[in-house]
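# Coordinate inspection notes
Here are the chains, one letter per residue:
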Amino acid sequence: MSGVTGTQPSLEAASPFDLRVDLGNDVPETDVRTALANGDMGFLHSFTTGSAVDGPGVRVVAWTTGCMWRCLYCHNPDTWTMRNGIPVAVSRAIEELRKYRTGLKVMAGGVTFSGGEPLMQDRFIVKMLAAAKGMGIHTTIETNGYLSERLSDAELDSIDLVMLGIKTWGNEKHKMLTGRDIDPTLNFARRLAARKQPMWVRFVLVPNLTDDPDDIRNIARFATELGNVERIDVLPFHQMGRYKWERLGMRYALDATESPTVEACERAVEIFRSEGLAAH
Ligand code: SF4
């Protein structure tokens with residue numbers, strides 16, 4: 001990792017596409033384990049402000065580090081490793097959030113916990129969610145759902161909106177794309193549906209990887225049958241994260257993959273709409 005470390009950056013970042021590595025390396029392993037167990041400390045890539053694409057209204061986004069998946073198209077592979085993030089006391093993270101409280105309410109926004117995979121640090125996230133709700137801030141988590149069983153029903157109550165990433169359809173394709181089984185994600189969607197908990201689905205459209213119309217239609221039908229999916233976001237693959245793979249010295253399988261065309265995005269959106277979903 002030499003050559004990619006620098007001085008400790010601020011918690012606030014201009015963009016999650018800033019490369020951040022090794023920022024939590026000084027934290028002893030026992031402290032990491034304690035932090036994960038009690039949630040008194042978390043590891044954050046950054047806070048970014050002013051997002052209009054990570055949930056309703058204008059959002060503050062807390063980008064956590066740590067992810068157990070290895071999506072071929074991941075834009076932020078520096079967030080896979082928890083210790084790449086800044087170690088932050090939960091009290092400090094809550095104070096950071098408090099700064100935005102009034103503005104978020106004025107702009108009908110809220111806080112979104114994204115990553116990485118926020119549920120890698122489920123106890124920290126639960127504390128942050130409770131604090132946000134205590135401030136009257138709308139809460140969203142963007143998750144792959146894989147570790148959702150770590151959350152009790154009472155803890156789910158503190159989440160106003162779940163943005164669930166459904167990456168593809170079929171277990172074999174899912175394992176090829178992410179390294180993990182699809183069932184935990186789908187089971188989480190079913191659990192949220194049974195609770196009538198609002199959900200958005202996020203789907204990344206990647207040419208020659210996730211653009212099979214049959215797969216998209218299967219995701220659409222699944223989402224329709226759930227009954228709690230308010231919105232589908234079709235997100236065009238882009239190469240803004242490519243430099244991170246290079247800087248981290250990792251082989252990037254999608255080096256030559258281009259962004260989908262506008263027409264291809266429209267075709268995917270249309271499949272979702274044809275199944276009765278609000279897709280964008
Ligand atoms: S789940 Fe998200 S953060 Fe994790 S590897 Fe996939 S795209 Fe990257």
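Reading guide: rules and limits
Residues numbered from 1 in each chain as written. Predicted model: local features only at pLDDT ≥ 70, side-chain atom pairs only at ≥ 80, totals over all residues. Heavy atoms only, no water. Pairing = 2+ DSSP bridges. Helix = DSSP H or I, 4+ residues; strand = E, 2+ residues; numbered from the N terminus. Axes fitted to C-alpha atoms, helices over the stretch in contact; angles between N-to-C directions. Contact = heavy atoms within 4.5 Å. Phe/Tyr/Trp six-rings, centres within 6.5 Å; stacked < 30°, edge-to-face > 60°. Buried < 20%, exposed > 50% of the residue type's maximum accessible area, 1.4 Å probe, protein only. Lys NZ or Arg CZ within 6 Å of the ring centre and 35° of its normal. Near = heavy atom within 4 Å. 1 Å grid on protein atoms, 1.4 Å probe; cavity = no way out; pocket = protein on both sides within 12 Å on 5 of 7 lines; lining within 4 Å. Sits in = over half its atoms within 2 Å of the grid points. Nonpolar A, V, L, I, M, F, W, Y, C, P; charged D, E, K, R; others polar.

## Some details on the sheet that holds strand S3 (residues 86–89)
- If you walk across this open sheet you meet the eight strands as S3-S1-S2-S4-S5-S6-S7-S8, and the pairing is mixed. The open sheet has two edge strands with one neighbour each: S3 and strand S8 (229–236). Taken over all neighbouring pairs, the strand axes of this sheet differ in orientation by 30° on average, direction set aside.
- Strands in contact with helix H2 (residues 90–98) are strand S1 (41–51), S3 and strand S4 (110–114); relative to S3, the strand with the most contacts, it is inclined by about 85°.
- Here helix H10 (residues 262–274) sits on the sheet and contacts strand S7 (199–205) and S8; the angle it forms with S8, its principal contact strand, is near 165°.

## Quick look at the packing of aromatic side chains
- Inspection of the entire model under this criterion finds five aromatic pairs.
- Look at Trp80 and Trp245: their rings are 5.4 Å apart centre to centre, the planes differ by 85°, and that puts the pair in the edge-to-face class. A residue pair is termed long-range when its members are at least 10 positions apart, and Trp80 in the loop between strand S2 (59–64) and S3 and Trp245 in helix H9 (residues 242–247) qualify at 165 residues. This pair shows no difference in class: Trp80 is buried, exactly as Trp245 is.
- Counting every residue linked through ring pairs, the aromatic cluster contains Trp80, Trp245 and Tyr252.
- Residue placement shows Arg231 over the ring face of Trp200; its charged tip is 4.7 Å from the ring centre.

## Overview of the site of the ligand
- The ligand sits among Cys67, Trp69, Arg70, Cys71, Cys74, Trp80, Gly116, Asn144 and Lys167.
- The pocket occupied by the ligand, as judged from atoms lying within 2 Å of grid points, is the largest pocket.
- In terms of residue class, the shell around the ligand is built from five nonpolar, two polar and two charged.

## Points about the pairing of S2
- With six of six residues buried, S2 is to be regarded as a mostly interior element.
- Here S2 shows two buried faces, one formed by Arg59, Val61 and Trp63 and the other by Val60, Ala62 and Thr64.
- Bridge count between S1 and S2: five bridges; the pairing is antiparallel. Bridge pairing links Leu44 to Thr64 in S2.
- Bridging between S2 and S4 involves five bridges; their strand directions are parallel. When the bridges of S4 are listed, Val61 appears paired with Thr112.

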